[in-house]
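Given next are the chains, with one letter for each unit.
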Amino acid sequence: MLSISDSLVRLGLEAADKEDAIRKAAAILIEAGSVDPAYTRSMLGREGQISTYLGSGIAIPHGMREDSALVRQTALSVAQFPRGVRWNGEEMVYLVVGIAAASDEHIQVLANLTGVLQDDALATRLARTTEVGEIVRALNGTPAPAAGPAALPEGFDHTANATVGDPTGFHARPATLFAGLARQFAADILVGGNGKLVNGKSMAALLTLGAEHGASVTIAARGADAMAAVRALAEAVTAGFDGDAAAEPAIAASAPQLSFEGAALRGTAASPGIVLAPAYRLRRRAAAVADTPRGDPQAEADRLREALAAAREELRALHAEVAARAGSKQAAIFLAHQELVDDPEMLQAALAALAQGMSAARAWADVTEARAVELEGLRDATLAERANDFRDVGARVLRLLEGAAPAELDLPGHPVILLAEDLAPSDTASLDPVRVVGLATALGGPNAHTAILARGLGLPAVVGLGDAVLAIADGTELILDGANGQLLPTPSAADRARAEAARTAFLRAAEEAAREAYRPAVTRDGRRLETVANIGTPAEAARAVAAGAEGVGLLRTEFLFLDRATAPSEEEQFQALHAMTQALGGLPLVVRTLDIGGDKNLPYLKLPPEDNPFLGIRGLRLCLQRPDLFEPQLRAVVRAARAAPADAVKVMFPMVASVEEFREAKALLEKARTDLDGPPIECGIMVEVPSAVTMADVLAGEVAFFSIGTNDLTQYALAMDRLHPGLAARADALHPAVLRMIDQVVKAAHAAGRPVGVCGNLAAEAAACPILVGLGVDELSVSPPSVPELKARIRSLSLRDARRLAGRALACGTAAEVRALR
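Can you explain the overall build of the protein? Please cite residues and give values.
Looking only at helices and strands, the protein has 30 helices and 26 strands in total. When burial is assessed residue by residue, the protein has 53% of its 822 residues classed as buried. Residue pairs at least 24 apart in sequence account for 70% of intrachain contacts in the protein once pairs closer than 6 positions are excluded.

Residue-level account of the sheet that holds strand 12 (residues 274-281), with values.
Read from one edge of the open sheet, eight strands run 10-17-16-12-13-14-15-11, paired in mixed fashion. The sheet terminates laterally at strand 10 (265-266) and strand 11 (268-271), the two strands that pair on one side only. As judged from the two bridges shared by strand 10 and strand 17 (residues 486-489), these two strands associate in the antiparallel manner. Each residue of the ladder has a partner; that of Leu265, found in strand 17, is Leu487. Across the sheet, helix 16 (residues 449-457) lies against strand 11, strand 14 (436-441) and strand 15 (461-463), angled at about 50° from strand 11, the strand it touches most.

Requested: an account of the sheet that holds strand 4 (residues 75-86), with residues and values cited.
Read across the sheet, five strands follow the order 1-4-5-3-2 without closing on themselves; strand pairing throughout is mixed. The open sheet has two edge strands with one neighbour each: strand 1 (9-10) and strand 2 (53-55). Pairing of strand 3 (residues 58-59) with strand 5 (residues 92-100) involves two bridges; the strand directions are parallel. Residue pairing for strand 5: Ala59 is matched across the bridge by Val96. Against the sheet, helix 1 (residues 18-31) makes contact with strand 1, strand 4 and strand 5, and its axis sits at roughly 150° relative to strand 4, the strand it touches most.

Describe the nonpolar core, naming the residues involved and giving the relevant values.
Grouped together as the largest cluster of nonpolar side chains are 99 residues, with contacts concentrated most on Phe653, Phe706, Leu739, Ile742, Ile771 and Leu780. Excluding residues that lie within four positions of it along the chain, Ile742 makes contacts with Ile708, Thr710, Leu762, Leu772, Leu775 and Val777. Counting residues in each nonpolar core, the second largest holds 70 residues, with Val237, Val322, Ala361 and Phe390 among its members.

Tell me about the environment of Ala539, and name the residues and values.
Mapping Ala539 onto the fold places it in helix 18 (residues 538-546). Through-space distance from the C-alpha of Ala539 to that of Ala579 is 9.3 Å; in sequence the pair is 40 residues apart.

Please give an account of helix 2 (residues 39-49) that cites residues and values.
Of the residues making up helix 2, those classed as buried are Tyr39, Thr40, Ser42, Met43, Arg46 and Glu47. Down the axis of helix 2, the buried set is contained in an arc of 165°. They therefore lie on one face. When the buried face of helix 2 is taken as reference, the exposed residues oriented beyond 90 degrees from it are Arg41 and Gly48.

Can you break down the environment of Glu540 residue by residue, with the values?
Of note, Glu540 is situated in helix 18. Sequence spacing of Glu540 and Ser783 is 243 residues, and the spatial spacing of their C-alpha atoms is 9.1 Å.

Quick rundown of helix 12 (residues 360-376)? Include the residues and the values.
Owing to its 3.6 residues per turn, the α-helix brings residues three or four apart onto one side. In this model, helix 12 (17 residues) spans 24 Å end to end at C-alpha, consistent with the 24 Å of a helix rising 1.5 Å per residue. Three or more residues of helix 12 are buried, namely Ala360, Ala361, Ala363, Trp364, Ala365, Val367, Thr368, Arg371, Ala372 and Leu375.

Quick notes on the rules
Residues numbered from 1 in each chain as written. Predicted model: local features only at pLDDT ≥ 70, side-chain atom pairs only at ≥ 80, totals over all residues. Heavy atoms only, no water. Helix = DSSP H or I, 4+ residues; strand = E, 2+ residues; numbered from the N terminus. Buried < 20%, exposed > 50% of the residue type's maximum accessible area, 1.4 Å probe, protein only. Contact = heavy atoms within 4.5 Å. Pairing = 2+ DSSP bridges. Axes fitted to C-alpha atoms, helices over the stretch in contact; angles between N-to-C directions. Core = buried A, V, L, I, M, F, W, Y, C linked by side-chain atoms within 4.5 Å. Arc of directions from axis to C-beta. Expected span 1.5 Å × (residues − 1).

Dropping the structure here:
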């Protein structure tokens, strides 16, 4: 492998301008006999075509491809200019790496150089070092003799240390959220840990820290809002970004043990279930990556950006599809993939490779593979398993660069257990559960995104079986036991009987749970609560019914307005609502009118920016100001109510802050109803702001029902932005102040004979359930998968005990005290 020699490094040089600096870098190569003297002209010619500035004070001038005959031997020179050289505009270069290459021998050095670009502290040291060996070690990828804490570059004066609070460490979701929060600040942000210093606005770079739960990281910032950035990010890291990280066990602890007389392959349980089916090995050829560019470097850069934009759109659609099939938590995997597509460090590394003549496909393939290999070397297993995500995103972009359609699996016409070395998350999400009834992979772990998706899709899976699974011939009969992590090839009649019996018992238990889900939620002493679902897509309506929901307590109509260039028509909205009422079969559908603003925006509305959008034009206020949006939606609701069973469709207005707002909105609904000769429609409100709480007794005389949105109510009551990662952990809906507001609304509503529901995240919290029951709430609305568990929890309660617990909660002083109650 090519390495930089001490003899090709020059320190302490000065240059009058960029051309002079390039000539000095070329002179080193000429002096070493690596290139013909005419190569200087070729390097200057390349610079005239496209800038070779990489970033972090580093440039990589090199010759034009057609002049490769001028290269006598592949080599790299390093010219250091401690006082800097102005390159393009305001760009200052301190390190010029001159490249003489007729092949790709120098790629590894460029990969190491990319690592320098991610580490501003290292780039700054190399710009001023007086030790040739330090530069040679950095560009050759050789560890320094002593690994101490990374030094911060000049100007990063605002710093804080934080302990990683996320249970599974700084994995994909926390890194995604950290980078997103960091980008809200203008300041430059660095994060240090394990002897490394990386760009805090790059999710890909953050993953390479390998920061586990409890690890200490340093956050540093430079810029106008540096102090605020450091404080917010440090609080977020300590509090933890991923509150649900430890909520989902890989496999139910109560899964029965299944023993076979045959020799089963042992792996890791990834998704429960027992299936019997023939094997089918997934065989996929690696995509060919062309080394020769199709055009000049700028054209290749344009092609890469176009492919990244197309990948972003595909991932956005895949996120929506997986959310409908498996749930929002599983779908969040593809939000992380979108973050990789948008990652500034990965794009910069690829553009650097393009600048020295590489094709877009080769550059992107090398960058993603380098990141994947780096993650695989981390000690933390969860982080190491994310290497597959980099390869998945890499393959998607490569396919788009080639203009190819998504590859479909060539499966037999009968159900199979799919065998593979490993599966990308995108592959898993696209599987047809009718044709693929189980997964068995040689690699992978229970926390890999593929395993998480398999659990969300209800697909039995065993991972980490080793190479032996790849030797199983297609068509071999298999028994896959996902709960116990075993795969049995060619089972005997006795083993088949055991598996059939276990499968029957498993299915019977699932059917019993499903039957229980349809039973009403009644406490032990006879108090019944309505248990309904929050949904955001038409597909979720059927899932809600299947889960035992007694209707939909919150339909988020924003799904009709998102990911498009114009607002939906009245007809389009009616068709979507009508499909949902049919899926619900007469069960109630509570339609929340458009709730845009705050953390949700629609580019095509061209809303003016607001200093504080959460206190600006959002929710019902926006709808009242935009009749072009509001009136077609109200007409669609009335038409859906007219086509549905009596009283099946209800309307709920979001973010109601005053009686006047409700009256104005109700009048517009009544006008639409009259114009269309629609049936009477119950009209209620979301209670999300303190003014609605204090006016609940007055509002109770006008509304048909209340639904308390605890997410927004908590942030407004406690004056804590619920989207601020540094405050999210403290914005606790079990705070006594929030509970007292719920109590006030329930009492005011019941005095007027009006029901009260809770549709925020609090409704699904195990600790909150008995308190809400004790406060007298009439309805709880949760995501469809949470319905069966919520019903079972309510059935285990005594209303008398719940009231006693609620009284104690109201008397507490803090959320922590409430959570400590037993």
